[in-house]
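In case you want the letters, here they are:
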There are 2 protein chains.
Amino acid sequence: MLKVSQRGQVMPASPIRKLVPFAEAAKKKGTTVYHLNIGQPDIETPALMLEAVRESHLKVLEYSHSAGNESYRRKLTGYYKSVGIDVNYNQIIVTTGGSEAILFGFMACLDAGDEVIIPEPFYANYNGFAVAAGVKVVPVTSSIDTGFALPPISAFVEKITPRTRAIVICSPNNPTGYLYSEAEMQQLKEIILQYNLYLFSDEAYREFCYEGHQVSAMHLKGVENHVVLMDTISKRYSACGARLGALVTKNVAVLETVMKFAQARLSPPSFAQIAAEAALDLPADYFNHTREEYRERRNLLVRRLNAMEGVVCPTPGGAFYAMAQLPVDDADVFCQWLLEKFSYNNQTVMLAPASGFYGTPGLGKREVRLAYVLNINNINLAMDCLEQALKVYNQPK
Amino acid sequence: MLKVSQRGQVMPASPIRKLVPFAEAAKKKGTTVYHLNIGQPDIETPALMLEAVRESHLKVLEYSHSAGNESYRRKLTGYYKSVGIDVNYNQIIVTTGGSEAILFGFMACLDAGDEVIIPEPFYANYNGFAVAAGVKVVPVTSSIDTGFALPPISAFVEKITPRTRAIVICSPNNPTGYLYSEAEMQQLKEIILQYNLYLFSDEAYREFCYEGHQVSAMHLKGVENHVVLMDTISKRYSACGARLGALVTKNVAVLETVMKFAQARLSPPSFAQIAAEAALDLPADYFNHTREEYRERRNLLVRRLNAMEGVVCPTPGGAFYAMAQLPVDDADVFCQWLLEKFSYNNQTVMLAPASGFYGTPGLGKREVRLAYVLNINNINLAMDCLEQALKVYNQPK
């Protein structure tokens with residue numbers, strides 16, 4: 001018999017998508033499902049981006065430059081300047097989504113058997129890219145008790161081995177919403193300098209900070225050669241389907257190496273680059289509106305959750321996710337039950353069990369991630385469902 | 001000092017793109033450069049595809065299904081049926097270009113250290129995806145003397161080791177234009193059955209056959225579980241910048257494994273899927289026009305090349321490439337000279353040296369690949385340049 005690869009066997013299925021068949025079955029029965037399980041915002045993509053695509057008068061849909069259109073990269077430097085990141089266009093490689101930026105960073109900087117330390121819970125797909133690259137993910141646990149703050153330096157140091165090559169961070173964080181402080185970013189800088197590591201920084205949610213500002217890894221002084229920024233337009237402009245991101249670094253050897261991987265796949269998508277370049281003409285206050293919308297949703301969600309008996313939800317400082325601890329033994333079982341067995345006024349809610357966001361087996365069993373990507377009205381309805389569900393689930397049988 | 005990965009160091013730079021800086025310098029001097037070096041057709045993308053994107057009234061550019069929109073996959077089965085390939089929509093995973101289909105196939109079926117046999121010369125980027133997957137490419141040499149026909153079975157058998165897991169083919173071939181016959185495809189079937197191998201079949205150029213028809217690997221009976229089709233719309237509809245392809249197989253384990261890699265990168269680009277779905281409404285005679293255009297270009301190119309002293313160019317049966325042997329010692333040096341030192345009526349031509357398409361060092365030194373992606377007039381002007389250049393280059397010094 002032909003076999004699939006070992007790496008294919010250990011490749012994890014998406015924890016966010018594994019409940020999809022149960023959601024589909026619920027919908028077929030006529031139940032409304034509120035999707036708080038996935039970071040697909042309902043915010044409209046800026047009309048200006050869609051119009052730019054509509055009005056592009058290209059005759060031949062050609063390959064672009066492997067690093068992305070030069071006009072787009074030049075204009076992107078202005079965007080980065082506006083968030084305090086000083087780069088030139090040659091330090092930007094446009095990628096097919098943030099996903100490809102992560103994959104290229106891993107491929108260019110890490111070899112099979114190398115280790116990356118990642119504070120857990122973390123974006124589950126890091127596991128997938130690590131498997132693709134043959135890299136071992138070593139988790140450092142952050143806890144709901146501290147609101148998922150950066151673990152102390154000592155916790156990182158304990159995990160460092162001769163094969164440790166990088167730390168991966170995401171701030172504001174998916175899935176916790178935690179926003180690293182200036183002090184925490186300085187701690188990370190100390191570690192990467194002392195142990196000569198790369199710092200891969202996933203900043204997909206840069207614009208969505210509700211308490212203070214994001215400190216970018218690119219703001220850190222003296223570690224310019226260590227920092228690889230993985231970026232995306234997916235959340236920034238609610239343009240997840242465009243599949244456009246960027247890898248940004250000042251490390252010339254990394255840039256040259258990533259370019260070889262970029263050339264092998266020829267180019268990032270052309271339509272998406274047209275839309276993304278147009279987005280750079282959005283008015284300066286564009287993010288204020290979306291940020292305020294998300295802030296209102298966050299406040300509502302956190303308030304509703306903490307008002308439920310036995311539920312604990314720290315207030316996230318950024319992104320559009322919250323992690324909550326529920327009064328259940330096994331959130332995987334509960335989330336499936338919500339879709340399979342429960343409905344309230346013919347509605348139910350889909351959540352992401354947190355276990356898939358932890359690298360350490362057994363952690364996060366009672367936690368779920370909620371993406372506040374629905375409008376206020378729907379969040380309220382979803383919270384009504386959850387509140388009722390917890391009562392039903394926990395009533396004495 | 002921080003180091004890039006070993007795999008990044010061995011990753012080859014694109015042999016097609018490495019002369020780009022010399023072409024850019026020539027253009028800056030005011031020289032017209034005819035690009036026969038890269039498979040970027042000048043054929044217009046069907047207006048119907050671009051209009052579909054223009055007229056899509058989406059408000060939120062959302063992630064699609066990780067396997068691609070179901071409506072697109074369902075419609076694609078009709079296209080495949082029209083070329084004699086009987087699949088259902090669940091056997092199709094839509095990818096970001098044919099590139100991603102190749103990468104996913106390698107990742108899902110092969111482990112680091114495994115070997116794939118590929119008839120050389122071959123599409124150079126297979127090397128890149130092999131490096132990404134840690135896989136060793138083992139070339140089997142085909143020769144310009146036989147017009148790059150499939151090497152005999154014995155040549156394959158000689159290369160098989162306990163680590164051999166797959167054969168990669170591309171018919172019609174890039175870079176040679178060779179179209180495998182029914183008999184040659186049957187030979188391949190025997191080998192993969194006997195040695196229990198995967199057959200990865202890159203069929204990017206299916207529609208462009210000038211002598212008979214393409215035999216798809218999916219047409220072979222009794223090896224359904226061995227065949228993984230890697231497909232793309234890039235060349236078919238002159239839509240290289242869309243970045244849309246597909247991996248197609250009847251092997252359920254491979255499909256399930258590829259899906260895990262597909263989920264990790266979330267989804268293929270949305271705009272491209274809209275364009276590609278619209279393309280399936282093109283009239284049945286659409287390919288006749290483009291095929292005839294390419295046939296005329298091929299005939300002209302091959303005639304002009306063989307009329308030059310010391311040049312040998314077999315007539316390719318498909319795709320839009322020809323390999324020619326030139327009366328020069330080192331085609332890499334000659335191709336660079338064409339851009340750096342030569343011009344004729346203020347024009348020159350850019351070719352792809354063939355050495356980058358061979359896995360065996362030292363082969364193809366006197367060969368070049370020419371992509372007949374320019375119109376008849378420009379091909380004539382490019383051939384005028386090449387004819388003149390060879391005279392100048394070879395005149396006694």
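Residues numbered from 1 in each chain as written. Chains lettered and ligands numbered in written order. Predicted model: local features only at pLDDT ≥ 70, side-chain atom pairs only at ≥ 80, totals over all residues. Heavy atoms only, no water.

1. Brief notes about the pattern of salt bridges
Evaluated as defined, the whole model comprises 32 salt bridges over all chains. A salt bridge links Asp281 of chain A to Lys75 of chain A; the nearest nitrogen and oxygen atoms lie 3.1 Å apart. A residue pair is termed long-range when its members are at least 10 positions apart, and Asp281 of chain A in the loop between helix 10 (270-279) and helix 11 (286-306) and Lys75 of chain A in helix 4 (residues 70-82) qualify at 206 residues. For Arg206 of chain B, the salt bridge identified is with Glu203 of chain B, shortest N-O distance 3.1 Å. Across the pair, exposure class does not vary: Arg206 of chain B and Glu203 of chain B are buried alike. Taken together, the shared-partner salt bridges connect Glu203, Arg206, Glu207, Asp231 and Arg236 of chain A into one network. (Salt bridge = Lys/Arg side-chain N within 4 Å of Asp/Glu carboxyl O. Helix = DSSP H or I, 4+ residues; strand = E, 2+ residues; numbered from the N terminus. Buried < 20%, exposed > 50% of the residue type's maximum accessible area, 1.4 Å probe, protein only.)

2. Regarding the relation of the copies chain A and chain B
Its rotation angle being 180 degrees, the transformation that places chain A on chain B also includes 0.0 Å of axial translation and leaves an RMSD of 0.0 Å. Here the copies are linked by what is in effect a two-fold axis. No C-alpha of chain A lies nearer the rotation axis than that of Arg54 of chain A, which sits 2.1 Å from it. Taken as a fraction of all interface residues of chain A, those also at the interface in chain B reach 100%, which identifies the copy contact as same-surface. (Least-squares fit on C-alpha atoms with pLDDT ≥ 70 in both. Contact = heavy atoms within 4.5 Å.)

3. Things to note about helix 3 (residues 47-54) of chain B
Buried within helix 3 of chain B we find Met49, Leu50, Ala52 and Val53 of chain B. Here the buried residues of helix 3 of chain B occupy an arc of 155 degrees about the axis, which is enough to place them on one side. Those residues of helix 3 of chain B that are buried are in contact with helix 3 (47-54) and helix 10 of chain A together with helix 10 (270-279) of chain B. (Arc of directions from axis to C-beta.)

4. Re the UniProt feature "domain: Aminotransferase class I/classII large" (unreviewed entry) in chain A
Sites flagged by UniProt as "domain: Aminotransferase class I/classII large" (unreviewed entry) map to residues 33-345 of chain A. With 37% helix and 15% strand, residues 33-345 of chain A has end C-alpha atoms that lie 11 Å from one another. (UniProt positions renumbered as here; feature names shortened; annotations may be inferred.)

5. Considerations on the domain arrangement of chain A
Residues and elements named next belong to chain A. For chain A, the assigned domains read domain 1 (6-44 + 286-394) and domain 2 (47-279). Taking only C-alpha atoms, the centre of domain 1 and the centre of domain 2 are 25 Å apart. Facing the 38 residues of domain 1 at the interface are 32 residues of domain 2. For the pair domain 1 and domain 2, the summed buried area comes to about 3000 Å², and 64% of that belongs to carbon and sulfur atoms. In this structure, the connection of domain 1 to domain 2 is made through 1 salt bridge. In this structure, Glu211 engages Arg298 in a salt bridge whose closest nitrogen and oxygen atoms are separated by 2.9 Å. Among the elements of the structure, helix 1 (6-10), helix 11, strand 9 (321-325) and strand 12 (367-371) are those that each provide at least two residues to the side of domain 1 that touches domain 2. For the side of domain 1 that touches domain 2, the element with the highest residue contribution is helix 11, accounting for 7 residues. Considering only residue class, the side of domain 1 that touches domain 2 consists of 22 nonpolar, 9 polar and 7 charged. (Domains from an automatic or database assignment. Buried area = accessible area lost by both parts, 1.4 Å probe. Nonpolar A, V, L, I, M, F, W, Y, C, P; charged D, E, K, R; others polar.)

6. Here's the deal with the environment of Thr360 of chain B
Residues and elements named next belong to chain B. Position of Thr360 among the secondary structure elements: in the loop between strand 11 (352-353) and strand 12 (367-371). Residue Thr360 is classed as partly exposed on the basis of its relative accessible area, which comes to 29%. Spatially, the C-alpha atoms of Thr360 and Pro121 are 9.0 Å apart, while their sequence positions differ by 239 residues. The residues touching Thr360, leaving out its near neighbours within four places in the chain, are Glu120, Pro139 and Thr141. Polar side-chain contacts of Thr360 include one of 2.6 Å to the side chain of Glu120. (Polar contact = N/O pair within 3.5 Å; in protein donor to acceptor, adjacent residues only side chain to side chain.)

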